Amino acid sequence: MEEKDDKLEFDEAVLVEEGVKWFENLWVESKSKLTNNNDKLALVCHAFMLELGFSVGNRKVLPENWKNSAGHSSRYFYPPGTEFDIILTVTSLGRLVKVHGTHISSKTNFSSSKIRPGDFVTEKDENFGMKNLRSLARLFKNEVGVPLLNSVKSQLGMAVTGLLGLPPEISLKILQNLDVNSLVNLGKVSKHLNLISKEKNIWRKLFFRDFGSRSFAIKRFSFQLNHQESEDWLSVYKEEYSNQKERESIRTRVPPPPLFPFPDFENNPQNPLLPPMPGIVGGDYDRIPFGRNPLQPPFSLPRPRFETPGPNFPGFGPRRGGFGPPGFGGGGGGGGFM
């Protein structure tokens, strides 16, 4: 993989304004329903709501009855809540558009300033037919999205300040810069942070950063080959991490001692720093220690280790009639068994 491709994968989009993949799929799926500039603007506002963590059940398609005579309207819930008590409406005021956010449970409403669709919508097909998406995102989130999010969180008893109170897309940007150990420890703080710490885009970036472009390209090709819609990069990271540790363990493992007790210098050279290993003494005794000559009876007694003294053995003069010095076994001449 080329360096340019590496950088693109490493800095993959995670926000709507960056062209994140799920928003691209939603745009393609809904393109036939986008007949004018107001439709495009309403679709982008709907995507901003999903980005903030609001849910509609099936985020791959537009909600039912999304477009009506009054404009565009969508209902949402915010996990862990299950009630669809958040409403977003996009209303046309001639050449201007007004966006309203309502939280029914807390009876709060938030409205945007008047938006001119021509400032953000183009007739070109590139970039989803939009321009200045970053400015539109800031305007929508500052005036409608984030105030609505804080209202819902307060109603559910969730934090609205500090790290836990940050919008999901900002938390995602922060967590992407952590190492694996810090990310795992952060996920133990609360259920909310644990949920964000398992986001696949974070682990996709960590996998690329820790295991390199080659392993990344192999795993991505495997997903495409198996036609997997959801890429579980957390599980893939765990698997690759375990495999890497196993390979390191094999490289540092001390080999077991040889089963054969004698040195094998051909396959296992002797350490020059150790004293030399003695070899075999040699001789018939070492080769056949119990004297098992096939021509002799099977239960013959073992031979002595050294040959018996003969008549000329030192200390034994030539004499006869016994074994040993004079007076040992009688006789004066001869020696040994002669």
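Everything discussed here concerns the structure shown above.
Residues numbered from 1 in each chain as written. Predicted model: local features only at pLDDT ≥ 70, side-chain atom pairs only at ≥ 80, totals over all residues. Heavy atoms only, no water.

## Here we look at the overall build of the protein
Next, step 1: On a plain count of helices and strands, the protein comes out with ten helices and five strands.
Next, step 2: Taking the intrachain contacts of the protein between residues at least 6 apart in sequence as the baseline, contacts between residues at least 24 apart amount to 47%.
Next, step 3: Split by element, the accessible area of the protein, about 21,900 Å² in all, is 56% carbon and sulfur. (Helix = DSSP H or I, 4+ residues; strand = E, 2+ residues; numbered from the N terminus. Contact = heavy atoms within 4.5 Å. Areas by Shrake-Rupley, 256 points an atom, 1.4 Å probe, with all protein chains shown as cover.)

## Side note on the pattern of salt bridges
Next, step 1: All chains considered together, the criterion is met by seven salt bridges.
Next, step 2: Here Glu17 ties to Arg138 by a salt bridge, and the two come within 3.3 Å at their closest N and O atoms. You can see Glu17 sitting in the loop between helix H1 (3-10) and helix H2 (21-30) and its partner Arg138 sitting in helix H4 (residues 133-155), a full 121 residues away along the chain.
Next, step 3: Judged by its relative accessible area of 12%, Glu17 falls in the buried class.
Next, step 4: In this structure, a network of salt bridges that share partners links the residues Glu17, Arg134 and Arg138. (Salt bridge = Lys/Arg side-chain N within 4 Å of Asp/Glu carboxyl O. Buried < 20%, exposed > 50% of the residue type's maximum accessible area, 1.4 Å probe, protein only.)

## Re the nonpolar core
Next, step 1: Formed by 40 residues in total, the largest nonpolar core has its most connected members in Phe54, Met130 and Leu136.
Next, step 2: The element best represented in this core is helix H3 (residues 37-51), accounting for nine residues.
Next, step 3: Contact partners of Met130, with chain neighbours within four places excluded, come to Trp27, Lys40, Leu41, Val44, Phe120, Val121, Thr122 and Leu136.
Next, step 4: Val180, Leu186, Trp203 and Val236 belong to the second largest nonpolar core, which has 21 residues in total. (Core = buried A, V, L, I, M, F, W, Y, C linked by side-chain atoms within 4.5 Å.)

## Points about the sheet that holds strand E5 (residues 108-111)
Next, step 1: Read from one edge of the open sheet, five strands run E1-E2-E3-E4-E5, paired in antiparallel fashion. Only two strands of the sheet have a single neighbouring strand rather than two, namely strand E1 (67-68) and E5.
Next, step 2: Pairing between strand E3 (residues 86-93) and strand E4 (residues 96-103): eight bridges, direction antiparallel. Bridge pairing in E4 links Ile87 to Thr102. (Pairing = 2+ DSSP bridges.)

## Notes on the layout of surface pockets
Next, step 1: Considered as a void within the structure, the second largest pocket measures approximately 340 Å³ in volume.
Next, step 2: Elements that contribute at least two residues to the lining of the second largest pocket include exactly helix H6 (180-186), helix H7 (191-197), helix H8 (200-225) and helix H9 (233-252).
Next, step 3: A per-element tally of the lining of the second largest pocket places H9 first, with six residues.
Next, step 4: Residue composition of the lining of the second largest pocket, by class: eight nonpolar, six polar and four charged. (1 Å grid on protein atoms, 1.4 Å probe; cavity = no way out; pocket = protein on both sides within 12 Å on 5 of 7 lines; lining within 4 Å. Points joined across faces, edges and corners; volume = space filled by probe spheres on them. Nonpolar A, V, L, I, M, F, W, Y, C, P; charged D, E, K, R; others polar.)

## Concerning unusual backbone geometry
Next, step 1: Residues Pro79 and Pro80 are joined by a peptide bond in cis, for which omega reads 10°.
Next, step 2: Following the sequence through the fold, Pro80 ends up in the loop between strand E2 (71-76) and E3.
Next, step 3: A positive phi angle, near 55°, is found at Asn65, a position not held by glycine.
Next, step 4: Structurally, Asn65 is set in the loop between H3 and E1.
Next, step 5: Note on Asn65: relative accessible area 66%, which makes it exposed.
Next, step 6: Of note in this structure, Asn132 is not a glycine but carries a positive phi near 55°.
Next, step 7: A relative accessible area of 45% places Asn132 in the partly exposed class.

## Quick notes on the packing of aromatic side chains
Next, step 1: Counted by the stated rule, this structure contains twelve aromatic pairs.
Next, step 2: Consider the rings of Phe207 and Trp233, whose centres lie 5.4 Å apart with planes at 55°: the pair is tilted. Taken as a pair, Phe207 in helix H8 and Trp233 in helix H9 lie far apart in primary sequence, 26 residues in all.
Next, step 3: A centroid spacing of 5.3 Å and a plane angle of 10° characterise the contact between Phe216 and Trp233, whose relative ring orientation is stacked. Of the two residues, Phe216 sits in helix H8 while Trp233 sits in helix H9, which places them 17 residues apart along the sequence.
Next, step 4: What links up through ring pairs into an aromatic cluster is the set Trp203, Phe207, Phe208, Phe211, Phe216, Trp233 and Tyr237.
Next, step 5: Sitting above the plane of the Trp22 ring, Arg59 keeps its charged end 4.3 Å from the centroid. (Phe/Tyr/Trp six-rings, centres within 6.5 Å; stacked < 30°, edge-to-face > 60°. Lys NZ or Arg CZ within 6 Å of the ring centre and 35° of its normal.)

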